[in-house]
Every structure is written in structure tokens, then in C-alpha cells.
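Examination of the molecular architecture
The primary structure of each chain is shown beneath.
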Amino acid sequence: MSTEDSGLDDLFQRYRAACPDVEPSATFMPVVWQKIEARRGFWSVFERLARTGMAAAAVLCLLLLALNFVTANQRAAFQSYTDALMADHSAEQTYYTEAIRSTPSGNEVPAALRH
Amino acid sequence: MLVEQEVIEKARAGDPSAFNQMVLAYRKRVLGTISRLIGRPEDVEDVAQEVFVRLYYSLDQLRTAEVFEPWLYRLTVNASYDYLRRIRRRGESRMADLSEQQVMMADSLAGGKKQAEEQQKSKVRELVDALFQHMSEEDRLLLTLKEVEGLSLKELEQIYNVKENALKVRLFRARQRVLKAYQTAVADGKL
């Protein structure tokens, strides 16, 4: 070890001795407990919010599950695809359906020009 | 250990009187370490209280009572580091504040001999703080724990949770940087 190395070690030792001992004040302990309580209050707000959020998410999950279960049961009531089609009256309830033309319109290509 | 393992176990279980006992046993050591790490006597108590608040909320994460002391050291180092980062963000100067405090201390001292001793101590503190200016806060804390607090590599390994070799390399580099600054100070006649 060089003289500078040992000089540095000596300086560190003197530094340790030069740093004053800090005595805790009389309020040290009460303040620690105050801070603990304050933090507990702060975190309990988050905890309550998190719990409410989790409960709401659980209820929503159950509702979605129930809805899914009901619709699945309804679908299962049909024996086949044709039964389901027969049961579906949505086409009858539409307000617009395209007209089916029985006669050819004027802009159709004449039969003589088709080939 | 300054307290029985049983006390630590009780505090972990949520016993407030056991926690009080732990704080009473360790507060002086924690205050001393923080004082050397942050160099601001007026904020030492505040940082120490923060350490014990963190300890209270992290006791359940402590694996066994045997590793309690390194755990407490880790909390102390982290709280000191957070404090130093906070004041650095605020752009406060440590040296300026220390000088002000030194002036106040010198004023308050009555006896001539005591005053001379205190001046000598202030000079040492100022010099080491000036040498530490040449390194990052992380390295400064690490070097203080090793060289000033006198912790072993094994203890540092537990505190920092890194391999001994990595610590050795970091310590060596940090020490080299301080040594260089020290050599310059010697050449300039500051020592």
C-alpha cells in the first residue's frame, strides 16, 4: 500500500471521528408513528378504491357469464340449422326488400346479340 | 444484533411494542450512518424516520430474522440515496449548507481548544466531502459504507445483493477516483 493509500485511509478514519453523533430528539418515536399512520391512511384510500374496482369487475364478469349462458341455451334449443332459420323472423320484419323483377328491363342485352 | 430475534419475529407479526423496541435499539446506529452518508445534520432525523417507516411496511418481506441488519442497512442506504436525489433535483448545494452549519457551530462553541478541535473536524469533513464530489452518489454511498462505516465486503454483498467481485471492481474504481483527487489535494497543499 502506498503512502497516499494509507493517507487516504487515515483521512477516512478522521472523517468518521469528525462526523458528529446525532442524538435522536424526544419526538423521534411519536413522529415515526405519525408517519406510519399517515401512510396507512394514504394507502387505505387506494386499497378501498382497488377493492371497489375489483368487486365491480367481478359483478360485471358474472353478468357477462350469465348473459353468455342464456344465449347459449337459446341456441341449443334449436335442433338443427334449418330450425334456427325457421325460427328467425328477422327477414319478415325488415322494412326494405329489393323488388324481384319478373319482366326484363329495357337496358338488357337483346337475345340476338348475346352470342 | 442489538435485539433478540424473537423481538423481530414479534414485530413482523405486527406487535407495536416489539417494533418500538427495535426502533429504540437501532435508531442511534441508523442516525449515525445517515449522518455520514448525507452530510446534512438538520435532515438526518427526518431520513431516519423514513427508514423506520419503510421498515414497518416491509417487515413482512423479511425472509428471516437473521438477515435483519443487512436489510435495515439496505433501507438506510436507499432512503439516503432517495434523499440525495431529491435535493440534487432541487439543485441544493451540500457544500454551501455545510459551510453555513460549520459557521454556526463555530459560533456556538465557547472554549478556544474545543473551537480549534471543531475547526479541525470541520476541515476534515469539508475535505472528504470535496473528494467525494468527484464521484456519483451511488459510488459515494458505497465507498462511505466500506471505508467510513467499516462494513465488510460480505455485508455489502448482502446489502446490495450483488456478487463480491462486482462490488470489488466498483469499490476499486471509486477509491481510485478519490485517491486521484486526494493526490491533487496533497499536491495543492490542502493537506
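Keep in mind that this is a model prediction, so the values were computed, not measured.

1. A few points about the overall build of chain A
- The helix and strand inventory of chain A stands at three helices and zero strands.
- Order of helices (α) and strands (β) in chain A, N terminus to C terminus: α-α-α.
- The buried share of chain A, taken over its 115 residues, is 6%.

2. Details of the overall build of chain B
- A tally of regular secondary structure across chain B gives nine helices and zero strands.
- Each helix (α) and strand (β) of chain B, taken in turn from the N terminus, gives the series α-α-α-α-α-α-α-α-α.
- Taking the intrachain contacts of chain B between residues at least 6 apart in sequence as the baseline, contacts between residues at least 24 apart amount to 63%.

3. Details of the packing of helix α4 (residues 68–90) of chain B against helix α8 (residues 153–160) of chain B
All names here are of chain B.
- Interaxial distance between α4 and α8 falls to 8 Å at its minimum, and their mutual angle equals 65°. Taken together, the axis directions place α4 and α8 in an arrangement best described as roughly perpendicular. α8 is crossed by α4, and the crossing has right-handed handedness. On the side of α4, the interface is formed by P70, Y73, R74 and V77, while α8 contributes E155, Q158 and I159.
- In terms of residue class, the contact of α4 with α8 is made up of four nonpolar, one polar and two charged.

4. Observations concerning the environment of B:R88
Residues and elements named next belong to chain B.
- Here R88 lies in helix α4.
- Judged by local crowding, R88 falls into the exposed class, with 12 C-beta atoms found within 10 Å.
- Remark: the alpha-carbon pair of R88 and E137, spanning 49 residues in sequence, is separated by 9.9 Å.

5. So, helix α1 (residues 5–12) of chain B
All names here are of chain B.
- Listed as buried for α1 are V7, I8 and A11. For α1, the angular spread of buried residues about the axis comes to 100°, placing them on one side. The exposed residues of α1 that point more than 90 degrees off its buried face are Q5 and E6.
- Of the residues flanking the end of α1, it is G14, one or two places downstream, whose phi is positive at about 100°.

6. Observations regarding the interface of chain A and chain B
- If you look at the interface, chain A gives 23 residues, while chain B gives 26 residues.
- Counting only elements with at least two residues in the side of chain A that touches chain B, the list comes to α1 (3–18) and α2 (28–77) of chain A.
- Considering every element that reaches the side of chain A that touches chain B, the biggest residue donor is α1(A), with ten residues.

7. Remarks on helix α3 (residues 41–58) of chain B
- Taking 1.5 Å per residue as the helical rise, α3(B) with its 18 residues ought to reach 26 Å, and the 26 Å between its terminal C-alpha atoms agrees with that figure.
- B:V44, B:E45, B:V47, B:A48, B:Q49, B:E50, B:V51, B:F52, B:V53, B:L55 and B:Y56 are the residues of α3(B) that are buried.

8. Brief notes about the nonpolar core
All names here are of chain B.
- Among the nonpolar cores identified, the biggest contains 49 residues, and M22, I34, V47, A48 and F52 are the most heavily contacted of them.
- At ten residues, the largest contribution of residues to this core is made by helix α2 (residues 16–38).
- Two domains share this core, each providing at least three of its residues, namely domain 1 (1–92) and domain 3 (134–191).
- In contact with V47, other than residues within four places in its own chain, are I34, I38, A79, S80 and Y83.

9. Some thoughts on the environment of B:T64
- Positionally, B:T64 belongs in the loop between α3 and α4.
- Taking the C-alpha atoms as reference points, B:T64 and B:I8, separated by 56 residues in sequence, lie 9.1 Å from one another.

10. A word on the packing of α2(B) against α3(B)
All names here are of chain B.
- Following both chains from N to C, one finds α2 and α3 inclined at 135°, their axes separated by 9 Å at the closest point. In terms of axis orientation, α2 runs oblique to α3. Considering only the axes of α2 and α3, their crossing is right-handed. For the pair formed by α2 and α3, the contact residues are F19, V23, R27, V30, L31, I34, S35 and I38 on the first element and P41, D43, V44, E45, V47, A48, V51, F52 and Y56 on the second.
- Among the residues making up the contact of α2 with α3, the classes are represented as 13 nonpolar, one polar and three charged.

11. Quick word on unusual backbone geometry
- At B:N161, a residue that is not glycine, the phi angle is positive and equals roughly 55°.
- Structurally, the position occupied by B:N161 is in the loop between α8 and α9 (164–187).

12. Examining the confidence of the model for chain B
- Taken residue by residue, chain B gives an average pLDDT of 85. The fraction at 70 or more is 89%.
- Among the prediction metrics, the complex's ipTM stands at 0.76, with pTM recorded as 0.68.

Basis of the calculations
Residues numbered from 1 in each chain as written. Chains lettered and ligands numbered in written order. Predicted model: local features only at pLDDT ≥ 70, side-chain atom pairs only at ≥ 80, totals over all residues. Helix = DSSP H or I, 4+ residues; strand = E, 2+ residues; numbered from the N terminus. Buried ≥ 20, exposed ≤ 12 C-beta atoms within 10 Å, placed from the backbone. Contact = placed C-beta atoms within 7 Å. Axes fitted to C-alpha atoms, helices over the stretch in contact; angles between N-to-C directions. Parallel < 35°, antiparallel > 145°, perpendicular 65-115°, else oblique. Left-handed = near helix turned anticlockwise from the far one by under 90°. Nonpolar A, V, L, I, M, F, W, Y, C, P; charged D, E, K, R; others polar. Arc of directions from axis to C-beta. Expected span 1.5 Å × (residues − 1). Core = buried A, V, L, I, M, F, W, Y, C linked by C-beta atoms within 7 Å. Domains from an automatic or database assignment. pLDDT = per-residue confidence, 0-100.

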